[in-house]
Amino acid sequence: MTVRNRRPFFYLAVAVICILLVLPVITFMINAFAFRWFYPQFIPAEWSLQAWERLQLIPPEGERTLTNWLALLGSSDVIDALVVSLVIGVGVTLFSVVIGLPAARALGMHKFRGKRIVEFMILAPTIVPSIAFVLGLNINFIRWELSGSLFGVALVHLVPVMPYVVLTLSGVFANYNPDFEDQARTLGAGPLRTFWYVTLPAIFPGIVVAALFAFLVSWSQYLLTFLIGAGRVITLPILLFASASGGNNAVIAVMSLIFIAPAILTLLVTSRYLSGESGAVGGFGRI
Amino acid sequence: MIGERWRIPLMLAPTLIIIVVLFFGSLGYGFLQSLGWQPNIGNTTFSLDAYATVLFSPEYREQFWSGLWLTIWVSLASTFISAALALMSALLLRQTFIGKKIATFLFQLNLPVPHLVIAIGMIFLFSQSGLAARAAAQLGMISTPNEFPVMLRDAGGVGIILAYLWKEVPFFGIVLLAILQSVGEDYEDLARSLGANRWQRFRHVILPLVMPGLLSSSIIVFAFTFGTYEVPKLLGVRFPEMLPVMALEFFLNPDLNARAEGMALSMIIAAITLLIVVAYMWAGNRAVQR
Amino acid sequence: MTHVILSNLTKSFPGNPVAAVNTMNLDIPSGQLVAFLGPSGCGKTTTLKMIAGLITPTVGDITFDGASVLAVPPEKRGAVMVFQNYLLFPYMSVGQNVGFGLKMRGVEPKVIDRKVIEMLDLVKLPNIANRRPRQLSGGQQQRVALARALITEPKVLLLDEPLSNLDAHLRDEMRELILSIQRNLGVTMIFVTHDQEEAVLLANQIALIFDGVLQQYAAPDVFYRQPISERAARFFGGINFVPATRRGERLETAFGAFHVRTPGVENAPEGEVTLTIRPEQVVLNPADDENCTSGRIRSRIYVGTYTRYKIMIGDIEIEATRSGDIDHALNEGDAVRVGFPADRIWVVGRS
Ligand SMILES: Nc1ncnc2c1ncn2[C@@H]1O[C@H](COP(=O)(O)OP(=O)(O)OP(=O)(O)O)[C@@H](O)[C@H]1O
Ligand SMILES: [Mg+2]
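Here's a quick rundown of the structure. (Residues numbered from 1 in each chain as written. Chains lettered and ligands numbered in written order. Predicted model: local features only at pLDDT ≥ 70, side-chain atom pairs only at ≥ 80, totals over all residues. Heavy atoms only, no water.)

## Section: the overall build of chain B
Counting secondary structure elements, chain B contains twelve helices and zero strands. Traced from its N-terminal end to its C-terminal end, chain B shows the element sequence α-α-α-α-α-α-α-α-α-α-α-α. Each of the 290 residues in chain B was classed as buried or not, and the buried ones make up 60%. Within chain B, contacts between residues separated by at least 24 positions form 69% of all contacts whose residues are at least 6 apart in sequence. Of the accessible surface of chain B, which amounts to about 12400 Å², a share of 67% is contributed by carbon and sulfur atoms. (Helix = DSSP H or I, 4+ residues; strand = E, 2+ residues; numbered from the N terminus. Buried < 20%, exposed > 50% of the residue type's maximum accessible area, 1.4 Å probe, protein only. Contact = heavy atoms within 4.5 Å. Areas by Shrake-Rupley, 256 points an atom, 1.4 Å probe, with all protein chains shown as cover.)

Dropping the structure here:
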């Protein structure tokens, strides 16, 4: 009864909240295709693909042949950075899930002495800001000659990534019944096949969520990549940040779109596995 | 067969090695360096000089203290305002209505968008030639860009706070929506049948139920906003300057002695974060108990 | 002490063509203990929530002592609901939980404290005001929930499945408690259950509901003697159903004709009907041969205090029970005379 009277106001409030929140993404879309968008025009008078051409993401008009499209692959800084970001992101994701699985199982299913301390240690990087450890790490990585290498950067990304992977998976293991594994063993499955046919299907949704956060957290790192990559590992955020403080708006907008598209896509594909209740959503605070 | 005794340590080992070596090791190493221990340039003695320089020297003290207050202000304001806005939004979005799916999707769209990108979005939106200024001009509220209020790169950190709001409202929102959904509306119905009015249901039922989740996500948000670099770098001013930006500038200074000061500053950031997190948890727990 | 009347009460949820509660008419006199009985999903909780004001009816009216309460919001209505899963606020102590309703009314803390102790005594849980809800057993939580509702001195107390989460032994205890509170306070109480035995043990009147429609509203014994339909009879443990044709007192079945003279049967249907009789009323080898037919014992199961016989009469199976010790004169395969006393047979419409 009271609800019905409030409806117009209710829809207005919801619309205002949602539109305000998506405005940044909308401005990227406008800016990416705007041409000579002078103040105080609210909507650009002219549109163009000029910024995309300048970043060598599409060939210039009139030259859009297959060979020219393929030629972009080697020549565009943005595509190079995209590939570097992807390689690091996927590598970090795979590695973190593989080493996080046993740790999560130990924390989720077993009681042992010093468990609280281990939990505290693994979660510490979620609270302590990156700047506090990366400065010391930077010096050591230079000494160990890991600085400036893809491997070194991926290794550092593990620090903010591991807590979320372990947190997600240990939550799954806490609700997991190991009797199924024993049942499989008594029915004649070896350890590997037990893992493949029994354990993995049961924890699969958790693995998807863990992988999602691993990828997104790695994907969005700027400071760690900047300090450890030492100017030699150019990921998308590095490229974007460099042009953000004084580039052409259209170019910045195009790079921003390219940067956020895979992240939104990953979330869309995996969202059905994601429930807001798992401790892992804390990972969104880190992106 | 691996002995039972070693099974759990072995399961934990790979993760712990990463964390201990890369995180705690670096933290410790940074701490030693902040005490002036830099064997590569021949300093093997310990001193608190770097801390004294940052905190009290006439050269830096004004910069440090103004930066500290700015950082605390920005983090606390971002955390509280976004938590409050998110709670309001979640209370709206949990209802059933036509278009709920789309609204929820749009509400959560910024979750995977990195802070760096949102900061750039703020420039597009709120700079003096940004979308907001153009809207104001179209409405005849201003006639030249300079009349639009300075919201970015301002001494009060408004631009930085705005960027955090855009990121953290959806973050708090998803946590709150999940809690509200799993709790259901039965507690509120019950309180209502026992005579609680709308405000009383909010104060005595909804708030205590969401408080634990709100608290733990506030800690994440606070710690993040306190120590992050790229947002204040893009949207802040040189004076007062947020602490993480200041720390990195010290560290990247070609003068290797400034490195100790950078380390000291980063240790101070870590210590203050921990201190405020602990205080916040303590206060929050008391608020829940009451 | 409140007289509750539901008239034409109907609730349809959006997107569902079938009404969850359909044109319900019910008169609940002051101080009665009424059970809403029916299978899962039949609309019991929905009705209860409409009385509490938590759900707005699509059609119909609810009156308390003659005055419509539809416009009265739940927090002012005085119809307090106790939920099935107790819903004690986890962040409050037991005492704070019980005192909640008074706090909402702005009652002085000192008065609240005193009343809380009184209420906890009433539900026989002294000295636990400072504990946390999670430290209590299910039965204790249920009683705290009851105390929390009673402290506001409700006009109507609404209990949603108050016993279903308790084990058998606690159930008896809780039942006693509810009955004694009802007797002492005289508050009008409505409780929901899907267990007919519980309804019979507790209620003055039972409202039997199927698919959102009120089937029968009567005292418990009526459901055993004079069920309204085959489905109602089955819900109360009826098991013998025989197709019959009725003309006045005469019932024709496949295995012979019977007379029916049960009080109230005048109002039962005529023509194509179903004869029903409870197993404990079927007489084996009766002394006089009126209303009798022949059958054969198919099985005999001894259940301790009584024996259950399954008897085939032609191709129709009839169940009979006999209390007391096992009767070795009646064995599997024996022929037997089966009597349906004329004042025990009941008739329901053919379904
Ligand atoms: N909020 C709602 N929206 C849509 N349909 C509903 C809603 N609440 C209940 N229903 C439907 O109304 C019908 C009656 O539900 P109700 O909860 O009243 O049943 P019940 O008799 O209490 O069952 P149970 O014994 O399982 O608690 C069910 O078919 C249910 O699916
Ligand atoms: Mg129900």
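## What about the interface of chain B and chain C?
If you look at the interface, chain B gives 19 residues, while chain C gives 24 residues. At the boundary of chain B with chain C, the tally comes to four salt bridges. Its salt-bridge partner being Lys49 of chain C, residue Asp186 of chain B comes within 3.8 Å of it at the nearest N-O pair. Scanning the region where chain B abuts chain C turns up seven residue pairs in polar contact (both at pLDDT 80 or more). In terms of residues, the side of chain B that touches chain C owes the most to one element, helix α8 (residues 186-193) of chain B, which gives seven residues. (Salt bridge = Lys/Arg side-chain N within 4 Å of Asp/Glu carboxyl O. Polar contact = N/O pair within 3.5 Å; in protein donor to acceptor, adjacent residues only side chain to side chain.)

## Some words on the interface of chain A and chain B
Taken together, the 87 residues of chain A in the interface contact 89 residues of chain B. Interface area, chain A with chain B, both sides summed: about 7800 Å², of which 80% is carbon and sulfur. Interface area lost by chain A to chain B is led by Leu21, Tyr39 and Ile127 of chain A, which between them contribute 10%. Counting across the chain A and chain B interface gives zero salt bridges. For the pair chain A and chain B, the number of links is twelve residue pairs in polar contact (both at pLDDT 80 or more). Taken together, the elements giving at least two residues each to the side of chain A that touches chain B come down to α1 (2-33), α4 (77-109), α5 (115-127), α6 (130-143), α7 (150-174), α10 (223-229), α11 (236-244) and α12 (249-270) of chain A. When residues in the side of chain A that touches chain B are grouped by element, the largest group, 17 residues, is from α1 of chain A. Its residues assigned to classes, the side of chain A that touches chain B shows 65 nonpolar, 16 polar and six charged. (Buried area = accessible area lost by both parts, 1.4 Å probe. Nonpolar A, V, L, I, M, F, W, Y, C, P; charged D, E, K, R; others polar.)

## A few points about the side chain of Thr2 of chain C
For Thr2 of chain C, the position within the fold is in the segment before β1 (4-11). Not counting residues within four places of it along the chain, the set of residues in contact with Thr2 of chain C comprises Ile28, Pro29, Ser30, Gly31, Phe64, Asp65, Lys155, Val156 and Thr188 of chain C.

## Re a nonpolar patch on the surface
Taken together, the side chains of Leu66, Trp69, Leu70 and Leu73 of chain A present a nonpolar region at the surface, about 450 Å² in accessible area. Take Leu73 of chain A: it is sitting in helix α3 (residues 66-75). (Patch = residues over 30% accessible without salt bridge, like charges linked within 9 Å, V, L, I, M, F, W, Y side chains within 5 Å.)

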